[in-house]
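Geometric and topological summary
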Amino acid sequence: MKYSQEAVNAAYSVLEARRQDALTTYDAHVRNIKEHHPEIYDIFLDISKTSSRLAKVVFSKDQDGKPLVNVSEAVQKIKNENLENQEKLKNSLIAFGYPENYLTVNYTCPVCGDTGIHLGNRCKCAEELMTSFTISKLNEQCKIKLHSFSEFHLSFYPEKYQYNGATYNSRSKMAEIFDFCVDYANSFSEHSQSLFMLGKTGLGKTFLSSCIANALINKGVNVAFDSIQNYLRYIENEHFGRADGDTLELLLNAELLILDDLGCEFKSSFNSATIYNLINSRCNMGKPTIVSSNLSINELSERYDDRIISRLIGNYHTLRFIGEDIRQIKRREGIFN
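Residues numbered from 1 in each chain as written. Predicted model: local features only at pLDDT ≥ 70, side-chain atom pairs only at ≥ 80, totals over all residues. Heavy atoms only, no water.

Some remarks on the packing of aromatic side chains
- Here the structure, examined in full by the defined rule, presents nine aromatic pairs.
- An angle of 10° between the planes, with centres 5.0 Å apart, marks the rings of Phe152 and Phe178 as stacked. Pair noted here: Phe152 is in the loop between α5 (124-139) and β3 (161-163) and Phe178 is in helix α6 (residues 170-186), with a separation of 26 residues, a long-range link.
- A relative accessible area of 11% places Phe152 in the buried class.
- On the accessibility criterion, Phe178 (17% relative accessible area) is buried.
- Every member of this aromatic cluster is reached through a ring pair, and the members are Phe149, Phe152, Tyr157, Phe178 and Phe207.
- Over the aromatic face of Tyr276 sits the side chain of Arg307, whose NZ or CZ is 3.9 Å from the ring centroid. (Phe/Tyr/Trp six-rings, centres within 6.5 Å; stacked < 30°, edge-to-face > 60°. Helix = DSSP H or I, 4+ residues; strand = E, 2+ residues; numbered from the N terminus. Buried < 20%, exposed > 50% of the residue type's maximum accessible area, 1.4 Å probe, protein only. Lys NZ or Arg CZ within 6 Å of the ring centre and 35° of its normal.)

Spelled out as structure tokens, the structure:
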């Protein structure tokens, strides 16, 4: 994926800070052991000299160019001594209350040592940081306000509500959905299920989606959250060369993608194909997605290809929102926030 220079610079700035923090902490640990536990420090020094001892054995020759010692035996002896010293070091550190890796440089990414480079390529940690930065910049364009679960009020949902010819306890139903969403955010992982939020306008689908997004963003999860209409506009402009970027790739790879208000977008073959690509590809990759819509299943079936509906019904956990439009209730009660 292509990243902006700003994203690259931001990612490697974070990596450099991580690396320096790890090295600074390591140096402080070594000084502490040297000052307070010289016997442990001596073992640490013996281990640190292992490489030079091995090199001396391998490359030491007499005047005729022959090894001074039996190289294989000498190398094995040094290796055995090194293993014994490592065990001594570990046990000594633990005995004095230190973690066994106290005298190790503990990088955030042990694969690349926080350099961002592994085997001549960008390390996965650098890619993740660049993706996170780019998604954050994308989210800044979102006009949907993020909320917290504490702002949700069940009092706006009636205990008796007529829906499809039957009477329901809307408040009880929404309490279940609210608890489900809180638990979803608390237990979120890469294996979390996808959610399909259905219900008429003004019932809290966008609100609860934003609560989930807010909770996870605060945990450091890469969440892409906006109306599907906005995302499709970005993707179309990039596809036809009217703008730079790779929004489609970002949305495909976000840890959680939230597509708000399915059905509000302009109906076109390009949009339908893009929506199917997003939904189907993320299903195939096992990545969780949250989709909300004000349309009924019948209305969605009339608007979209059967493949899209099949994915939403078959692969998503459906949450059906019922009640009266909260915006209208607030207007009646003189609440304008």
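Topic: the nonpolar core
- Formed by 30 residues in total, the largest nonpolar core has its most connected members in Tyr231, Leu251, Leu262, Ile275 and Leu312.
- Those elements that provide at least two residues to this core are α5, β5 (194-198), α8 (228-239), α9 (247-253), β7 (256-260), α10 (269-285) and α12 (306-315).
- Top element by residues in this core is α10. It accounts for six residues.
- Not counting residues within four places of it along the chain, the set of residues in contact with Ile275 comprises Ile228, Leu232, Leu262, Glu265, Tyr304 and Ile308.
- Of all hydrophobic cores here, the second largest spans 29 residues; its members include Cys211, Ala213, Ile258 and Leu319. (Core = buried A, V, L, I, M, F, W, Y, C linked by side-chain atoms within 4.5 Å. Contact = heavy atoms within 4.5 Å.)

Looking at the state of the cysteines
- One pass over the full model with this rule turns up zero disulfides.
- The closest cysteine sulfur to the non-disulfide-bonded Cys109 is located on Cys123, 3.7 Å from its own sulfur. (Disulfide = S-S within 2.5 Å.)

Considering the sheet that holds strand β9 (residues 316-320)
- If you trace the five strands from one edge of the open sheet to the other, you get β6-β7-β8-β5-β9, paired in parallel fashion. Among the strands making up the open sheet, the edge pair consists of β6 (223-227) and β9. Going across the sheet, the axis of each strand differs from the next one's by a mean of 10°, ignoring polarity.
- Two strands pair when backbone bridges link them, and β5 and β9 are joined in this way by five bridges, in the parallel orientation. Among the inter-strand pairings, Leu195 is bridged to a residue of β9, identified as His317.
- Taken strand by strand, α6 contacts β5, β7, β8 (289-293) and β9, and its axis lies near 145° from that of β9.
- In this fold helix α7 (residues 205-218) packs onto β5, β6, β7 and β8, with an angle of close to 155° to the strand it touches most, β6. (Pairing = 2+ DSSP bridges. Axes fitted to C-alpha atoms, helices over the stretch in contact; angles between N-to-C directions.)

Examining the packing of helix α1 (residues 5-36) against α5
- Across the interface, α1 lies against α5 with an axial gap of 8 Å and an inter-helix angle of 130°. The pairing of α1 with α5 is recorded here as oblique in orientation. As for how α1 packs across α5, the hand of that crossing is right-handed. Contacts from Glu6, Ala7, Val8, Ala10, Ala11, Tyr12, Val14, Leu15 and Arg18 in α1 reach Cys125, Ala126, Leu129, Met130, Phe133, Thr134 and Lys137 in α5.
- When its residues are assigned to classes, the contact of α1 with α5 shows 12 nonpolar, one polar and three charged. (Parallel < 35°, antiparallel > 145°, perpendicular 65-115°, else oblique. Left-handed = near helix turned anticlockwise from the far one by under 90°. Nonpolar A, V, L, I, M, F, W, Y, C, P; charged D, E, K, R; others polar.)

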